[in-house]
Amino acid sequence: QKEVEQDPGPLSVPEGAIVSLNCTYSNSAFQYFMWYRQYSRKGPELLMYTYSSGNKEDGRFTAQVDKSSKYISLFIRDSQPSDSATYLCAMGWGNAGNMLTFGGGTRLMVKP
Amino acid sequence: GAVVSQHPSWVICKSGTSVKIECRSLDFQATTMFWYRQFPKQSLMLMATSNEGSKATYEQGVEKDKFLINHASLTLSTLTVTSAHPEDSSFYICSAGNRANYGYTFGSGTRLTVV
């Protein structure tokens, strides 16, 4: 079993839809959780970064963490074609010197 | 915000030659840098972790003599693919750890094609 599981998709939605992206994990040592967006042939860019259980909102994006269930989600409201990308969850523990463990990524396609 | 510059963005080389990829943190000191490899439609796979001034720590299955990593300063790490072969063709990405906020910033990646 992988430490972090993420549905690979692809996930295809119409413009304006609410998108839900999810990851589950098995290592209870993970302390912080991130979502990255990666466009084709580009490096990942950090979208959201959370420490604790609960919700964190940033514009159209909401990150949700449920440590008791070892489950994290990223919600995208009013999705746009420009949101079409691969979304990677990642999680880590300790200080910045520790490596991140990534999910496999979910490819999202938002159709106009 | 934290910026990591990675060069070159793409490179084509002949089989048997070596290629150097640079990763620079432009506005912060990166005590730790990570090198990843990504095959098409797959997630990032960590290759090695480098700490400034010390030897890199390689993940299992990654040949340290083939993928030479140097982290000589707090703002620069390099990955050299030695004696490259077509199976080394991939997308290589670096990221830098910033102790100030636990953040990780990625470079834009280097697409290596070995012919």
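*Asks:* How do you make sense of the overall build of chain B when you look at a structure like this?
*Replies:* The number of helices and strands found in chain B is zero helices and eleven strands. Each helix and strand of chain B, placed in order from N terminus to C terminus, yields the pattern β-β-β-β-β-β-β-β-β-β-β. Along the first, second and third principal axes, the C-alpha set of chain B runs to 40 × 25 × 20 Å. Relative to its 115 residues, chain B shows a buried fraction of 49%. Partitioning the intrachain contacts of chain B with sequence separation of at least 6 by distance along the chain shows that 54% fall at a separation of at least 24.

*Asks:* Looking at this model, I keep getting lost on the nonpolar core. Mind explaining?
*Replies:* A general feature of soluble globular proteins is that nonpolar side chains tend to end up buried together. If you look at the biggest cluster of nonpolar residues, it comprises 24 residues, and the most contacted ones within it are A:Trp35, A:Ile72, A:Leu74, A:Tyr87 and A:Met91. Those elements that provide at least two residues to this core are strand E3 (19–25), strand E4 (32–38), strand E5 (45–50), strand E7 (61–66), strand E8 (71–76), strand E9 (85–92) and strand E11 (106–111) of chain A.

*Asks:* Is there a simple way to think about the state of the cysteines in this case?
*Replies:* Between two cysteines, a covalent bond joining their sulfur atoms is known as a disulfide. As enumerated under the stated definition, the model contains two disulfides over all chains in all. A:Cys23 shares a disulfide with A:Cys89; S-S distance 2.0 Å. Because the torsion about its S-S bond is -100°, the bridge between A:Cys23 and A:Cys89 counts as left-handed. Here the residue A:Cys23 occupies a position in strand E3, and A:Cys89 occupies one in strand E9, the gap between them amounting to 66 residues. Among the residues examined, A:Cys23 registers a relative accessible area of 0% and is labelled buried. The side chain of B:Cys23 participates in a disulfide bridge whose partner is B:Cys94; the two sulfur atoms lie 1.9 Å from each other. As the torsion about the S-S bond is roughly 80°, the B:Cys23-B:Cys94 disulfide counts as right-handed. Of the two residues, B:Cys23 sits in strand E3 (residues 19–25) while B:Cys94 sits in strand E9 (residues 90–98), which places them 71 residues apart along the sequence.

Rules behind the numbers
- Residues numbered from 1 in each chain as written.
- Chains lettered and ligands numbered in written order.
- Predicted model: local features only at pLDDT ≥ 70, side-chain atom pairs only at ≥ 80, totals over all residues.
- Heavy atoms only, no water.
- Helix = DSSP H or I, 4+ residues; strand = E, 2+ residues; numbered from the N terminus.
- Buried < 20%, exposed > 50% of the residue type's maximum accessible area, 1.4 Å probe, protein only.
- Contact = heavy atoms within 4.5 Å.
- Core = buried A, V, L, I, M, F, W, Y, C linked by side-chain atoms within 4.5 Å.
- Disulfide = S-S within 2.5 Å.

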